[in-house]
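# Overview (structure and organization)
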Amino acid sequence: MRAPLLTWYDRNKRDLPWRRTRDPYAIWLSEVMLQQTQVSTVIPYWERFLQRFPTALALASAPLDDVLSGWKGLGYYSRARNLHRAAQEVVSRFGGKLPTTAEELLTLPGFGRYTAGAVASIAHGEEAPLVDGNVARVLSRLFEVEGLPGDRAREATLWTLAALLVKGERPGDFNQALMEHGATTCRPENPLCLFCPVRDGCIAFRKGRVDELPPAKVRATPKKLTLAVAVWAHAGTLLFARRADSGLFGGLWELPAAEVSEDTSETDAASLLATALGVKLSTSGALGTVKRQLTHRDLTLRLYRVTGPQRPTRAPAFQELRWHTPAEAASLGMSTAMQRALDAALEAGALGPG
């Protein structure tokens, strides 16, 4: 398995920018960004982020708001928060240099077995295994591993196989070969078996089971989530709030929002927003609706122009409140959904008379 996969990788690997470096920090950053995100999306983000935060020390020293702002649009913002926390520990515990072993990397925030194995093997040549979705698919077909994704016995088997296969020369390149093979050849649908360098050893191919393995994971129906969004204008500024670190959009900035049901009236929405902000307020009409499809949720944002006798500076439901112009808000870490809500509110005349 190892020799033909490595030969195939040398001839066919994509020219990706993080493959041109052995900087553990840059490799770590790429692995975090590539979780749940396509390569074509990650490349410009990775390049901009490295320019802005070129070292673990630079990242650790930056305010979290700056880090979240640099992550804006990538989604799964817990990755950015963990990246920031881990960089601070790298500085405080390891003198600003990432540990060289998977065992030590696993002690850092945001490092699971996959990320630790990737960084340790690619950057430092440790014979550390990794299993992501692509590797799981390749190994499931090669060795006819049964079971649904997430099944504990299946996962244990895959990690055992990965640990056995990574032993030998060029462990980092071998791990990348497995991932590259799964991404480009041993694909979920319409795999290119005729071009597979290890086809002769593939049990699923020999038995005609390539399309059966691994079985497709049953996706849950996305839950509907509706938020009432307060658009509170004052002297050319709008009220922004930072959420608690946990939960949806954790730690990010937004136009203050409160969860409502689909049939909540404007009056009841105003009451829920008043409770969240800890002040009396009233609505003076809707400014539109924004819909976003998230991985596990169908999100609806209902925008309301609000005002009140007292402008809040603190609120029970949020970590922090600030009044910003739209230009100033551009530097805040804000989700794409909330950015769309802000854009819609401005287009609807949120800063105009009302």
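Refer to the structure presented above.
In short, a report on the structure. Computed from a prediction, not measured in an experiment: that's the story for all the values here.

### Some details on the pairing of strand E6 (residues 297–307)
- Among the 11 residues in E6, eight count as buried, and that is most of the element.
- In this structure, strand E1 (residues 223–234) lies alongside E6, joined through 10 bridges in parallel fashion. Its bridge partner being in E6, Ala-228 is matched across the sheet by Arg-302.
- Both strand E5 (residues 282–293) and E6 contribute to a ladder of nine bridges, which runs antiparallel. When the sheet's bridge partners are listed, Gly-288 is paired in E6 with Leu-303.

### A short note on the pattern of salt bridges
- One pass over the full model with this rule turns up 16 salt bridges.
- Lys-207 is the salt-bridge partner of Glu-144, the closest N and O atoms lying 2.9 Å from each other. In this pair, Glu-144 is assigned in the loop between helix H9 (133–143) and helix H10 (152–165) and Lys-207 in helix H12 (residues 203–207), connecting sequence segments 63 residues apart.
- Salt-bridge contacts for Glu-144 lead to Arg-209; the nearest nitrogen and oxygen are separated by 2.7 Å.

### Quick word on a nonpolar patch on the surface
- Taken together, the side chains of Leu-192, Leu-194 and Phe-195 present a nonpolar region at the surface, about 350 Å² in accessible area.
- Note on placement: Leu-194 falls in the loop between helix H11 (171–184) and H12.

### Observations concerning unusual backbone geometry
- Omega for the bond connecting Leu-213 with Pro-214 falls within 30 degrees of zero, at -15 degrees, which places this linkage in the cis form.
- Mapped onto the elements of the fold, Pro-214 is located in the loop between H12 and E1.
- Within the chain, Gln-36 stands out as a residue other than glycine whose phi angle is a positive 65 degrees.
- According to the relative accessible area criterion, Gln-36 is exposed, its value standing at 64%.
- If you check the backbone angles, Ala-235 has positive phi at about 50 degrees while not being a glycine.
- Position of Ala-235 relative to the elements: it lies in the loop between E1 and strand E2 (237–242).
- Its relative accessible area of 71% is what places Ala-235 among the exposed residues.

Each value, and the rule that gives it
Residues numbered from 1 in each chain as written. Predicted model: local features only at pLDDT ≥ 70, side-chain atom pairs only at ≥ 80, totals over all residues. Heavy atoms only, no water. Buried < 20%, exposed > 50% of the residue type's maximum accessible area, 1.4 Å probe, protein only. Helix = DSSP H or I, 4+ residues; strand = E, 2+ residues; numbered from the N terminus. Pairing = 2+ DSSP bridges. Salt bridge = Lys/Arg side-chain N within 4 Å of Asp/Glu carboxyl O. Patch = residues over 30% accessible without salt bridge, like charges linked within 9 Å, V, L, I, M, F, W, Y side chains within 5 Å. Areas by Shrake-Rupley, 256 points an atom, 1.4 Å probe, with all protein chains shown as cover.

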